[in-house]
Structures are given as C-alpha cells and as structure tokens.
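Coordinates in review
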Amino acid sequence: MKQFTITVYPEKKKVAASEGDVLLHALKEAGIRLPSPCGGQGTCGKCRVIVKGGRCHASASSHLRKEEIAQGYCLACLTLVEGDMEIEIPPESRAAAGAKILLEEKSVVQDKLVLGKWEIETRTHRVHVQLHPPRLDDPRSDIERLRADLLTKGFSGDRLHCSLSVLRKLSKVLRDGDWQLTVTLMDLMDGVEILDVQPGDQTQYHLGLAIDVGTTSVVIYLIDLLTGLVIESAADYNAQIECGEDVITRIIYARTSTGLKKLQQLVIGTINKLIKGILHRAGMSAEHIDCAVAAGNTTMIHLLLGIDPRYIRQEPYIPTISSVPPVKVAELGFEVNNHAYLYCLPAVASYVGGDITAGILTTGMHKENFLTLFIDIGTNGEIVLGNSDWLVSASCSAGPAFEGAGVLHGMRAAPGAIESVVIDQNTLEPHFSVICNLPPVGICGSGIIDAMAEMFLTGLLDRKGKIRGDIKIPRIRESEFGREYILAWAKDTDTKKDIVITEIDINNILRAKGAVYAGCSTLLKEMGLSIKDIEKFLIAGGFGHYLNIRNAVVIGLLPDIPYDRFRYLGNSSITGGHLALLSQKLWREAEHIARSTTYFELSTSTAFMNEYVAALFLPHTNTSLFPNVEATLRETMVTD
Ligand code: FES
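Now for a description of the structure that goes with this document. Bear in mind that the values here come from a model prediction, so they are computed numbers and not experimental data.

Counting its regular elements, the protein chain contains 19 helices and 27 strands. For 640 residues, the compact-globule formula gives about 26 Å, and the C-alpha radius of gyration of the protein chain, at 27 Å, lands near that figure. Expressed as a percentage of its 640 residues, the buried residues of the protein chain come to 58%. Put simply, 66% of the contacts in the protein chain that link residues at least 6 apart link residues at least 24 apart. If you sum the accessible surface of the protein chain, you get close to 26,400 Å²; carbon and sulfur atoms cover 52% of it. Taken together, the 64 basic and 75 acidic charged side chains of the protein chain have centroids lying 2 Å from each other.

Laid out in structure tokens, this is it:
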C-alpha cells in the first residue's frame, strides 16, 4: 500500500497516511483531534478541514456552502487520502477541539463538611497495629495474632476475610516493620476484609477517588478520606468522543469487532491520565488510594467495565446490570493500589443512570416534602420528579443541539464561543459576549438559546421558529441553508466567515427544547400534577452553568414559574460520588433511591409524543402555560 505525507497547517506538522485512509482517522492517529460529534458518520458537519493541495477524494456534504467548497473546505471523515496532501485546520475546528472542561471551584460536599453537617463513615480504613512478637509460650500464627488485635480495635475478627496475596506477604511485612504494620481494611456485609498490609505506620495518607464518567467529560476528585476534603481535582474530555459524542453512537461503535475493547481502553486512558496529574500536583502516590466511586450513565458504566451495552439501545432497553458489585480496579487497569475497589453508583434504568442517582442524593429531594423537579440536561435530558414519598424519572433525547452539534456554527462552550446574546429592540442589531473575549469562531448552547429568545422577543422569529421574511434588514438573508440571521459579520470573526443562526438551527433547538419540556410535562401529568405544582426546579449538568433562565423560559425549554424556584446545582454527579465515597449511610441511601425510583419509558408513550408536538412552538402552542412570556411579548408589542 502506498504511503503518503499530509502536511497540516498552520503548525506544518507532518502526518503519515496510507492510500485510501480516511483523513479524520489519519489525523487522529497523529494526535490531531477534530470535533466529530457524529463519530465520523458525515452527518454533523463539524470535522472541517481546508485542502490546500495534493490528492484526495472528498465526498459531497450538504453541511458545506458552495463558497466553502470553492475554498477547499471538506469534511475529514468523508475524505480519502490519495496522495501527499497539504491541509489547514480552520479556526472553528481548532477552537472546538481545544476546548477545556471547566471545573467547578469547590465541592458542595466540602461546604457541608466545613459546616459539620455530614459524618465521615468510609468503607475502607487504615489501622496502625503494634503486635507482640511471638514466643515459645505464645505460638499463635501471624494471622491469628493480627486477627486478635483487630478484634480489640472493634473490627470483626471472627469474620475476617483475607486474600491469598495478603497472606503471602504478611510474615515479611510483620518482621520488616518490627511487628508494627498498617492494615487497610474494607467493611463487608458480614465482617471486614484485609485489603493490604504494609510495614510501619502508613495511616496519614488514606485517599479515595470520586469519578464522574460522563459521555462528554470525565471529572475526578482526589479526596482525603480522613477529612473528607477534596485535595485535587481534574477534568478532561472523555477520549471516547473520537468514536462518537453521544451514547447511541458509542453503543453502535461498540458493536464493531474491536470497538468495545477500544472504548474501554479510551475511557480508562482518560481516567489514568487524570489520576496521574492530580497525584503529581498533590505530591501523593497511587499507593495511597484505597477506594474509588464512579457515577455515570448506564452506557458509560457498561463501557467502563467492558460490558456489551447493545441491549440498552434495543426495545425493551435492558442493561446487563444496574447495580454493579464492587470491582477490583486492577482488573480494569486503573493505575492505583491493586487492592482498591471501584464502586459504581446504581442506576435506575437504562437511560436514568448512576449519575442521576448521584444527582438525587445530592439534591436531598428524596427526603423533602417539597415537590421537586430535577433535570440534568446534556445530549439526553434526564428528569426526576418527586419528594420524600415517591420519585419518578424519565429520559428524553434532547440530541446534541445544546452542545453545539446540529447547529451550523455551533460549538461547545470554549474560548471563542458566543455565550450570550442581546438584540436591540429598535435596531435589531445583536450584541454578544464571547468566552475569553476573543473574536468569535462559533456559538455555544447558551448563546443559541439567548439568540433564539432575543429573536423571538424582538419579532425576528415567529412562533413556529421561522425568521420573518417581511423584516428587511441586512442581517436577514436567504442562503442555500434557508433564511438566516447574521450574528457576526465575517470581518469581526476569527473564521473570517459570517456567524449565522439558520432556520435549520432553530428547528433543531426547537426539537431539543420540545423534548425536554415534553418530558417534564408528561411526568407531571402521569402523577396528576401540573407545572404550577413544582416548588423547586433544580438544574444540573455543565450546560446549565451558562444558561440564562429567563431566555430558557422564553423559548419554552423551562416552564414559566417564578424564577426563585430555579436553582443551578453544578455537577451533581461528582458531588453524589463524593458523598457516597465518604459515607456508607449515604451509599445505602443511593441504593434505596435507585431501587425505589419509578422509571417511565417516554420513547413509546403517546402522551409524550402529544406533549412533544405541542411544545414545538415558541414558547408553546398552549400560550396560557407561559403567562409571563406572553406578558413580555405584549409589552414589546410583538404579534404573530
Ligand atoms: Fe465528520 Fe461528523 S461530519 S465527524
């Protein structure tokens, strides 16, 4: 097979490729990441490159404008290498690929601990033991001697479990340490297990990990199990993204011959990279980590464990496992103590995973009398409704539009993304802010919602999400993608192309917001309740961080209830993992939550479909559900 060289600008990096290679794959192999939300299916239009010269075969794509094709733009996943090539990665592809996950500054748990509201009750313990050496008149075996001492310290010596590997090292550890040793123990249902023995006193470092295994990102906290405090934290994109950005694409990818293994290796690679970084920064060693708790959606946990997730996608949507028994991390390849166990928070169902169980635990809604609606918005919108008496849950496919996919100039919240938009009522000119105050390269989810709400309130959009053709301003034009509103002129952008909102973009957001709203209203109706009964509306997930609540209500994504009922929770998945790591009582609460939460399948529900169709308008076909939005529209004199 012929070998070729691809020169990648602006870095002039040389990339080796074989004849017929898919350009996207060749670049990935060389460590050049392009955004690829559809996993290389050619459907998202985000893996853009500019071919400057050389030989290739690029398939046509409806995501590229005629003038872009004339400039050499093509989609890397639809381009086959046929000779040496010179390509450029345009700013929009670079910005999206270089996006960093923003970490929250502090753990909610940390605040509570400082306030003394929770007791630490970890499942692992490090105990310093000083034994009397054996004598002729005290010939007990080493393990009997240790068992007796642990019994005096309150550990159930009669039901003491001990692995062969610990027994094999025990005699040497005792004698090397002059009969002083540190025993790492783990509580079991019927006693305790000795996980490890080390000579001397090693009790000052007793660490654990809380891991949020998200479809998009992985977040890790390194936690001092003695104080409960976060010592270090880190986050990065889940490396599985190169195989697709949502759970469905990953499940499909897992069905390829090496797909499942690769997906598992990618996420474990991400976790190990983060662990290495936090340990280095904290000046700690992997030997100090005795326990880990992971929270993730059901598919992510299957992929982490290397379990085939295919039936999660097929009706009746059954996972292999919802409540995972503890797994030795060494079996998975985590670079921490071999004796450490990983606990995965239990899932409610295939599409309401352990991350949502963690979220419910964080909210405390399962112990309150208030009617609370908790929502985690990502590519799926997971919704939980209830109080201390009952909990119901559902999941609706919002699609990737809120994360920038399915939107022509959409991108994740990264430097260069337009994050908020205001449109002047009189001039219809937009004003926007860009993350890191850079020239814009695209628009992220919160910016799109703002733009849509402002366009609606200023009369640029009608209730069906159509851009009004009777308004004649330079910023509205017809294009091959339909009518569009120009948010930023080419001269002001980093891409040197206009950044626009098209009617197709608006339609995709309408469908995403319609699904989320319909999920909430269907759950409420199933319980004989209505929107006005919600006393607390809690929003979790990275997307919620940037969300302008008023604008989310204007477009009908969130219900029209008093603003003081909304609260943003941050990453409730990692907070729940932190809680469950520190407290066995809270872990048992999480198990109870997962067992007792009723799941409603919306994908086959006629009621949901009816609600969804009704929600595909701005803000909704039933305007009486949005009295405050209607009042604002009347004030601004906007009519249909
Ligand atoms: Fe190429 Fe989606 S279009 S990765």
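Let us now look at the packing of helix α8 (residues 259-282) against helix α9 (residues 298-305). Where α8 contacts α9, the axes come no closer than 7 Å and their chain directions differ by 95°. Of the possible angle classes, the one that applies to α8 and α9 is roughly perpendicular. Facing Leu-260, Leu-263, Gln-264, Val-267, Ile-268 and Ile-271 of α8, the residues of α9 in contact are Leu-303, Leu-304 and Leu-305. Split by residue class, the contact of α8 with α9 holds eight nonpolar, one polar and no charged.

A few words now on the sheet that holds strand β8 (residues 180-188). With respect to topology, four strands assemble into an open sheet ordered β6-β8-β9-β7, the strand pairing being mixed. Among the strands making up the open sheet, the edge pair consists of β6 (124-130) and β7 (160-162). Between one strand and the next, the sheet's axes are offset by a mean angle of 35°, whatever the strand orientation. Alignment of β8 against strand β9 (residues 191-199), held across eight bridges, turns out to be antiparallel. For Met-186, the partnering residue across the bridge sits in β9 and is Glu-193.

Here we come to the pattern of salt bridges. What the rule picks out here adds up to 33 salt bridges. Between Glu-478 and Arg-483 there is a salt bridge; the shortest N-O distance is 2.6 Å. When its relative accessible area of 23% is taken as the criterion, Arg-483 is described as partly exposed.

Looking now at the packing of aromatic side chains. Applying the stated criterion across every chain yields a total of five aromatic pairs. Judged by centre distance (6.2 Å) and plane angle (75°), the ring pair of Tyr-317 and Tyr-351 falls under edge-to-face. In this pair, Tyr-317 is assigned in the loop between α9 and β14 (327-328) and Tyr-351 in the loop between β15 (341-344) and α11 (354-363), connecting sequence segments 34 residues apart. Tyr-351 shares its class with Tyr-317; the two are buried. With a centroid separation of 5.6 Å and 80° between ring planes, the pair formed by Tyr-343 and Trp-587 is classed as edge-to-face. Residue Tyr-343 is located in strand β15, and its partner Trp-587 is located in helix α17 (residues 584-596); the two are separated by 244 residues in the primary sequence. Stacked on the ring of Trp-587, the Lys or Arg Arg-123 has its end atom at 5.1 Å from the ring centre.

Now for the packing of α11 against helix α16 (residues 572-582). Orientation of α11 relative to α16, taken along the N-to-C sense of each, is 75°, at an axis distance of 7 Å. Looking at the two axes, α11 sits roughly perpendicular to α16. Contact residues: α11 offers Asp-355, Ala-358, Gly-359, Leu-361 and Thr-362, while α16 offers Ser-572, Ser-573, Thr-575, Gly-576, Gly-577, Leu-579 and Ala-580. The residue makeup of the contact of α11 with α16, split by class, is four nonpolar, seven polar and one charged.

Looking only at helix α5 (residues 142-152), the buried set comprises Asp-142, Ile-143, Arg-145, Leu-146, Asp-149 and Leu-150. Buried positions in α5, seen along its axis, are confined to an arc of 160° and lie on one side of it. Looking at the buried side of α5, the elements it contacts are β6, β7, α6 (164-176), β8 and β9. One or two positions beyond α5, positive phi appears at Gly-154, with a value near 95°.

Attention now goes to the pairing of strand β5 (residues 79-88). The sheet contact formed by strand β1 (residues 3-9) and β5 spans four bridges and is parallel. Within the sheet, the bridge partner assigned to Ile-6 lies in β5 and is Met-85. Looking at chain direction, strand β3 (residues 48-58) and β5 are connected through seven bridges and run antiparallel. Looking at β5, one finds that His-57 is bridged to Leu-80.

A few words now on the environment of Ile-211. By the element assignment, Ile-211 lies in strand β10 (residues 207-213). Between the alpha carbons of Ile-211 and Lys-491 there is a distance of 43 Å; along the sequence they are 280 residues apart.

Spatial ordering of the open sheet is given by β20-β19-β21, a layout of three strands whose pairing is mixed. For this open sheet the edge positions go to β20 (430-434) and β21 (442-443), each flanked by a neighbour on one side alone. Strand direction decides the pairing type here: strand β19 (residues 417-423) and β20, joined by five bridges, are antiparallel. When the sheet's bridge partners are listed, Val-421 is paired in β20 with Phe-432.

Along the polypeptide, Thr-502 turns up in strand β24 (residues 499-502). Exposure remark for Thr-502: the relative accessible area of 1% places this residue in the buried category. Once the C-alpha coordinates of Thr-502 and Ile-467 are considered, the two residues, 35 residues apart in sequence, prove to be 8.4 Å apart. Leave out the neighbours within four places in its chain, and Thr-502 touches Leu-408, Phe-481, Arg-483 and Glu-484. A polar side-chain atom of Thr-502 sits 3.0 Å from the main-chain amide nitrogen of Asp-505.

Right, let's talk about the nonpolar core for a bit. Nonpolar side chains in soluble globular proteins tend to end up buried together. Formed by 70 residues in total, the largest nonpolar core has its most connected members in Leu-373, Ile-375, Phe-402, Met-455, Phe-537, Leu-557 and Leu-558. If you tally residues by element for this core, the top one is helix α13 (residues 503-526), at eleven residues. Once residues within four sequence positions are removed from consideration, Leu-558 is found in contact with Tyr-517, Phe-537, Ile-539, Leu-547, Ile-549, Ala-552, Val-553, Phe-566 and Phe-626. Residues Ile-271, Ala-294, Ile-312 and Val-327 belong to the second largest nonpolar core, which totals 42 residues.

Reading the values: rules and limits
- Residues numbered from 1 in each chain as written.
- Predicted model: local features only at pLDDT ≥ 70, side-chain atom pairs only at ≥ 80, totals over all residues.
- Heavy atoms only, no water.
- Helix = DSSP H or I, 4+ residues; strand = E, 2+ residues; numbered from the N terminus.
- Rg over C-alpha atoms; globule rule 2.2 N^0.38 Å.
- Buried < 20%, exposed > 50% of the residue type's maximum accessible area, 1.4 Å probe, protein only.
- Contact = heavy atoms within 4.5 Å.
- Areas by Shrake-Rupley, 256 points an atom, 1.4 Å probe, with all protein chains shown as cover.
- Lys, Arg positive; Asp, Glu negative; His and termini not counted.
- Charge placed at Lys NZ, Arg CZ, Asp CG, Glu CD.
- Axes fitted to C-alpha atoms, helices over the stretch in contact; angles between N-to-C directions.
- Parallel < 35°, antiparallel > 145°, perpendicular 65-115°, else oblique.
- Nonpolar A, V, L, I, M, F, W, Y, C, P; charged D, E, K, R; others polar.
- Pairing = 2+ DSSP bridges.
- Salt bridge = Lys/Arg side-chain N within 4 Å of Asp/Glu carboxyl O.
- Phe/Tyr/Trp six-rings, centres within 6.5 Å; stacked < 30°, edge-to-face > 60°.
- Lys NZ or Arg CZ within 6 Å of the ring centre and 35° of its normal.
- Arc of directions from axis to C-beta.
- Polar contact = N/O pair within 3.5 Å; in protein donor to acceptor, adjacent residues only side chain to side chain.
- Core = buried A, V, L, I, M, F, W, Y, C linked by side-chain atoms within 4.5 Å.

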